[in-house]
Amino acid sequence: MSKLLPTRDDFRFFLEIPTRWMDNDIYGHVNNVTYYSWFDTAVARFLLDSGAINLVDSPVIGVVVETQCRYHAPIAFPDPITAGLRVDRLGTTSIRYAIGIFRAGDATASAEGHFVHVYVDRATQRRPTPLPDGLRRAAEALVIPGG
C-alpha cells in the first residue's frame, strides 16, 4: 500500500454496502472488525458477480491466508460506503486483492487493505490448486496495468 491515500481511480470493481447501527462501537464509529467483513463481502460478490467461481460446489475454494487494514478516517452509521477492489498480484494458486473503503461522495479512501486467497482442493482443503481459467480471466480484469 502506498503512503498516498488511494482514490476510486485505483480500483476496478465497486460494491455499495450500507452501514448498520450495530456496526458502530462505543466510540461512535464503525468497529475495526466490520472492515474485514466488508473486505470479505467485496471479494465474495466479485467472485459471484463475475461468475468466476461457484462458492457452493466449485472443486477449488479460496482460503484466506492474510488480511490487513489501515484506517485513515472514521466511518459511522448511517454512512453508506463503497468498497473498491483490484488485484495486486495474480499467482499460480493465489490472488492478492487490494480493497479501498470509501464514504459516499469521498474521492479518497477512509480505509485500505488487502486480502489474500490461496486456492485449494475443496475435498482436502489443504493442497494448493492452480486457479481455474475462468477465475484467472476475471481476476485479470481487476489488474491495473503498471500498478
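Residues numbered from 1 in each chain as written. Predicted model: local features only at pLDDT ≥ 70, side-chain atom pairs only at ≥ 80, totals over all residues. Heavy atoms only, no water.

**Describing the nonpolar core**
In this structure, Leu47, Tyr97, Ile101 and Tyr119 are the most contacted members of the largest nonpolar core, which totals 32 residues. Taken together, the elements giving at least two residues each to this core come down to β1 (13–18), α1 (32–50), β2 (60–71), β3 (80–90), β4 (94–103), β5 (111–121) and α2 (133–140). For this core, the leading source of residues is α1, giving seven residues. Residue contacts for Leu47: discarding those within four places in its chain leaves Ala52, Ile53, Leu55, Tyr97, His117, Tyr119 and Leu135. (Core = buried A, V, L, I, M, F, W, Y, C linked by side-chain atoms within 4.5 Å. Buried < 20%, exposed > 50% of the residue type's maximum accessible area, 1.4 Å probe, protein only. Helix = DSSP H or I, 4+ residues; strand = E, 2+ residues; numbered from the N terminus. Contact = heavy atoms within 4.5 Å.)

**Observations concerning the sheet that holds β3**
Here five strands make up an open sheet; going across it, the order is β1-β3-β4-β5-β2 and the pairing antiparallel. Two strands bound the open sheet, and with one partner strand each, they are β1 and β2. Across the sheet, the mean angle from the axis of one strand to that of its neighbour is 25 degrees, orientation sign disregarded. Where β3 and β4 come together, nine bridges link them in antiparallel fashion. Residue pairing across strands places Thr82 opposite Phe102, the latter belonging to β4. On the sheet, α1 packs against β1, β2, β3, β4 and β5 and is oriented at approximately 55 degrees with respect to β5. Each of β3, β4 and β5 touches α2; the most contacted strand, β3, lies at about 115 degrees to it. (Pairing = 2+ DSSP bridges. Axes fitted to C-alpha atoms, helices over the stretch in contact; angles between N-to-C directions.)

Keep in mind these numbers describe shape, not what the thing actually does.
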